[in-house]
Amino acid sequence: MAAMTREETEALIQEVLEVYPEKAKKDRAKHLAINDQSLEKSNKCITSNRKSLPGVMTIRGCAYAGSKGVVWGPIKDMIHISHGPVGCGQYSRAGRRNYYVGTTGVNTFGTMNFTSDFTEKDIVFGGDKKLAKCIDEIETLFPLNKGISIQSECPIGLIGDDIEAVSKVKHKEHGKTIVPVRCEGFRGVSQSLGHHIANDAIRDWVLENRDGDDSFPTTPYDVAVIGDYNIGGDAWASRTLLEEMGLRVVAQWSGDGTIAEIEKTPKVKLNLIHCYRSMNYIARHMEEKYSIPWIEYNFFGPTKIAESLRRIAEHFDDTIKEGAERVIARYKAEYDAVIAKYKPRLEGKRVMLYIGGLRPRHVIGAYEDLGMEVVGTGYEFGHNDDYDRTIKEMGNATLLYDDVTGYEFEEFVKKVQPDLVGSGIKEKYIFQKMGVPFRQMHSWDYSGPYHGYDGFAIFARDMDMTINNPCWKSFKAPWKTEATESEPVKAVA
Amino acid sequence: MPSVMLRKREDGKLLFYVAKKDLEETIETIEFDSPEKWGGEVVLGDGSKYYFEPMEPAPKIPTTLQAKRLAEG
């Protein structure tokens, strides 16, 4: 199918909206848009970060998911207590594939689930005593932990427990950082507010720990990688490039990160933000309080990597600028070979994306490097500033959908007929059963890393083996295939 | 009275950011913009107007300040 015109896209949106009742239609219409590159601001065409409509299928998460699952969870040497009933922690345990180095259960705790396991009694009489006991038990059983964070689940806010007071008392008693996080699931409209609350907790309880302590030797080339969760090893693939160009990566937030790294971040010279949506708040805070500038970068696909490396280098002296050129030159043969191998197999293929808060725009460059075209994209929990940054990346008259409902997404895919859909696990089997090749773009479908030059090779291979998989040709039952198609089979028999 | 974070963009323009409102806009004009006196009425890229209590001397940017929203007109 050729690229859609503006009118066709508009007609498609109207057609999809047709089934909704009047009120729902009016609301959803604001979240679906046709991209127009001439616009500077996204609020002229799309509304985002609003409450989902009751009754539609949304795939958003909650504030607890944003704080415990995304921001705090990957900090490996801290223990994160899912404070409340057991389910929230258990069903989100170890699902995100944030890789880390360490011995789980001894000095790292990434894939373990700690919970205060609320029961009726705790709701009636309050759970503060239980929390205190929980912290004491953790200190006895896991003495090598470097700190504890308390991730509130819904009941904590509802019954009004004073987790801050418990944290202060236990901090005095054990001398460790104990962070209460008020990330009850009912706060906000999606996990996005959870990111913000988590950032604020880092700001209030962790970041100032080493203010006035200059014992950490700094260099002029110190940077922090912020908003890289090391999914399938992403942060490692990014870190090598930065180190190769001569920078010193002091901290990784928060994939494979430690609390010591976070405490040292205010000493760096530049903050590098990958996931803007989940970590821009803390970067803005550090800019204000510690005068550390920050920039956004993008390590998906060679074009964007080269662009980002040069942008980062501009903040430093000539040795780093030369370093950036050296790194780009060193990997050129490698990524040219990847493009030469996969581009002929993928050229012209069309992709629709629907991901969280960063990748809907960041991966576009990587697809374009492979000659593919992104014809629709949308954010689960993006804000206006995310869409501002998306408009220029997407082609004209392509689809933008915010907090898309299950129904809308299926209809869009049926009509647009993309060659690949990139979204999450909840969409995967629906589209595969519809016969559309699908990649999970949250967890890299258990592959990865996709960041950096090393990651690009894996990305290209994965997209190829999904789109050009022979299984898509076997989709029709043999007795339903046309006679002409079965001729060669007979000849072989 | 929203809390506004002010920061300089790479091209030197001031960015006006209100986290709670998801508002990130450039500041087009400021009533008083000199090292001695700063503030007054500001006009944003989208045409909306805000008012900062004039400050002497000018604040160090980036910073967070309280602004008053002025009626459009």
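Residues numbered from 1 in each chain as written. Chains lettered and ligands numbered in written order. Predicted model: local features only at pLDDT ≥ 70, side-chain atom pairs only at ≥ 80, totals over all residues.

Looking at an unreviewed UniProt entry, one finds chain B named Nitrogen fixation protein NifT, with Methylomonas rivi as its source organism.

Chain A goes by Nitrogenase protein alpha chain in an unreviewed UniProt entry, where it is assigned to Methylomonas rivi. Word for word, the UniProt comment on chain A under Subunit (unreviewed entry) is "Tetramer of two alpha and two beta chains. Forms complex with the iron protein (nitrogenase component 2)." A UniProt comment under Sequence similarities (unreviewed entry) is attached to chain A, and it reads "Belongs to the NifD/NifK/NifE/NifN family." (UniProt positions renumbered as here; feature names shortened; annotations may be inferred.)

**Student:** Please set out the overall build of chain B residue by residue, giving values where relevant.
**Tutor:** Of the regular secondary structure elements, chain B holds zero helices and seven strands. Counting helices and strands in the order they occur from the N terminus, chain B gives β-β-β-β-β-β-β. For a compact globule of 73 residues, the expected C-alpha radius of gyration is about 11 Å, and chain B comes in at 11 Å, within 12% of that figure. Referenced to the eigenvectors of the C-alpha coordinate spread, the extents of chain B come out at roughly 30 × 30 × 20 Å. Evaluated residue by residue, chain B yields a buried proportion of 12% over its 73 residues. Put simply, of all contacts in chain B between residues at least 6 apart along the chain, 21% involve residues at least 24 apart. (Helix = DSSP H or I, 4+ residues; strand = E, 2+ residues; numbered from the N terminus. Rg over C-alpha atoms; globule rule 2.2 N^0.38 Å. Buried ≥ 20, exposed ≤ 12 C-beta atoms within 10 Å, placed from the backbone. Contact = placed C-beta atoms within 7 Å.)

**Student:** How would you sum up the domain arrangement of chain A? Please name residues and give values.
**Tutor:** Residue and element names in this part refer to chain A. By domain assignment, chain A separates into domain 1 (1-60 + 348-493), domain 2 (63-210) and domain 3 (222-328). Spacing between the C-alpha centres of domain 2 and domain 3 amounts to 27 Å. Contact with domain 2, which involves 26 residues of that partner, is made by 22 residues of domain 3. Breaking the side of domain 2 that touches domain 3 down by element, the ones donating at least two residues are helix H3 (63-72) and helix H9 (191-205). Ranked by residues supplied to the side of domain 2 that touches domain 3, first place goes to H9 with six residues. (Domains from an automatic or database assignment.)

**Student:** Can you tell me about the pairing of strand E8 (residues 270-273) of chain A, naming the residues and giving the values?
**Tutor:** All names here are of chain A. For strand E6 (residues 222-228) and E8, the ladder comprises four bridges, and the chain directions are parallel. In the strand pairing of E8, Val223 is matched with Leu270. For the handedness criterion, the β-α-β arrangement of E8, helix H12 (residues 276-290) and strand E9 (residues 294-296) is classed as right-handed. (Pairing = 2+ DSSP bridges. Right-handed = clockwise from strand over helix to strand, strands pointing away.)

**Student:** Requested: an account of the sheet that holds E9 of chain A, with residues and values cited.
**Tutor:** Residue and element names in this part refer to chain A. Here we have four strands laid out as an open sheet, ordered E7-E6-E8-E9, and parallel in their pairing. Lying at the two open borders of the sheet, with one neighbouring strand each, are strand E7 (248-254) and E9. Between one strand axis and the next, the sheet turns by 20 degrees as a mean value, whatever way the strands run. The pairing of E8 with E9 spans three bridges and is parallel. Within the sheet, the bridge partner assigned to Leu272 lies in E9 and is Ile295. Strand contacts of helix H10 (residues 234-244): E6 and E7, with the helix running at about 155 degrees to E6, the strand carrying the most contacts. (Axes fitted to C-alpha atoms, helices over the stretch in contact; angles between N-to-C directions.)

**Student:** Can you lay out the interface of chain A and chain B for me, pointing to particular residues and giving the numbers?
**Tutor:** Across the contact, nine residues belong to chain A and nine residues belong to chain B. For the side of chain A that touches chain B, the secondary-structure elements that each account for two or more residues are H12 and helix H17 (384-391) of chain A.

**Student:** Give a detailed account of the packing of helix H6 (residues 128-141) of chain A against helix H8 (residues 163-174) of chain A, specifying residues and quantitative values.
**Tutor:** Residues and elements named next belong to chain A. For the pair H6 and H8, interaxial distance at closest approach is 10 Å and the crossing angle is 30 degrees. On the basis of their axis angle, the class for H6 and H8 is roughly parallel. Crossing geometry of H6 relative to H8 is assigned as right-handed. Across from Asp128, Leu131, Ala132, Ile135 and Glu139 in H6, the residues of H8 making contact are Ile163, Val166, Lys170 and His174. (Parallel < 35°, antiparallel > 145°, perpendicular 65-115°, else oblique. Left-handed = near helix turned anticlockwise from the far one by under 90°.)

**Student:** Mind laying out the environment of Gly47 of chain B, listing which residues take part and the relevant values?
**Tutor:** With respect to the element layout, Gly47 of chain B can be found in the loop between strand E4 (38-44) and strand E5 (49-55). Residues Gly47 of chain B and Lys20 of chain B, 27 residues apart in the sequence, show an inter-C-alpha distance of 19 Å.

**Student:** So, the confidence of the model for chain B: which residues are in play, and what are the values?
**Tutor:** Close inspection of predicted coordinates is inappropriate for parts of the model with low pLDDT. Per-residue confidence for chain B gives a mean pLDDT of 88; residues scoring 70 or more make up 97%. Interface confidence in the predicted complex, given as ipTM, is 0.88; pTM for the same model is 0.93. (pLDDT = per-residue confidence, 0-100.)

**Student:** Lay out the environment of Pro59 of chain B with the relevant residues and their values.
**Tutor:** All names here are of chain B. Structurally, the position occupied by Pro59 is in the loop between E5 and strand E6 (63-66). Sequence-wise, Pro59 and Val43 are 16 residues apart; in three dimensions their C-alpha atoms are separated by 18 Å. If sequence neighbours within four positions are ignored, Pro59 has contacts with Trp38 and Leu65.

**Student:** Before we move on, can you summarise unusual backbone geometry with the specific residues and values?
**Tutor:** Put simply, Glu56 of chain B and Pro57 of chain B share a cis peptide bond, and its omega is -5 degrees. By the secondary structure assignment, Pro57 of chain B is in the loop between E5 and E6. The omega torsion of the bond from Ile61 of chain B to Pro62 of chain B falls at 10 degrees, within 30 degrees of zero and hence cis. Although it is not a glycine, Ser291 of chain A sits at a positive phi angle of roughly 55 degrees. Topologically, Ser291 of chain A is positioned in the loop between H12 and E9.

**Student:** Talk me through the UniProt feature "domain: Nitrogenase/oxidoreductase component" (unreviewed entry) in chain A; I want residue IDs and the actual numbers.
**Tutor:** In this numbering, the UniProt entry assigns the feature "domain: Nitrogenase/oxidoreductase component" (unreviewed entry) to residues 62-467 of chain A. As a span, residues 62-467 of chain A carries 48% helix and 15% strand, and end to end its C-alpha atoms are 32 Å apart.

**Student:** Describe H10 of chain A, listing the residues and the values that go with them.
**Tutor:** All names here are of chain A. Of all 11 residues in H10, eight are buried; the element is thus mostly enclosed. Regarding H10, the residues found buried are Asp234, Ala235, Trp236, Ala237, Ser238, Arg239, Leu241 and Leu242. Elements that come into contact with the buried residues of H10 comprise E6, E7, helix H13 (302-313), helix H14 (318-346) and helix H20 (452-467). Looking one or two residues past H10, Gly246 carries a phi angle of roughly 105 degrees, positive in sign.

**Student:** An account of the sheet that holds E4 of chain B is requested, with residue identities and associated values reported.
**Tutor:** All names here are of chain B. Spatially, E6-E1-E2-E3-E4-E5-E7 is the arrangement adopted by the seven strands of the open sheet, whose pairing is antiparallel. Unpaired on one side and paired on the other, E6 and strand E7 (68-70) mark the two borders of the sheet. For this sheet the average axis-to-axis angle between neighbouring strands, irrespective of direction, equals 40 degrees. Looking at chain direction, strand E3 (residues 23-33) and E4 are connected through five bridges and run antiparallel.

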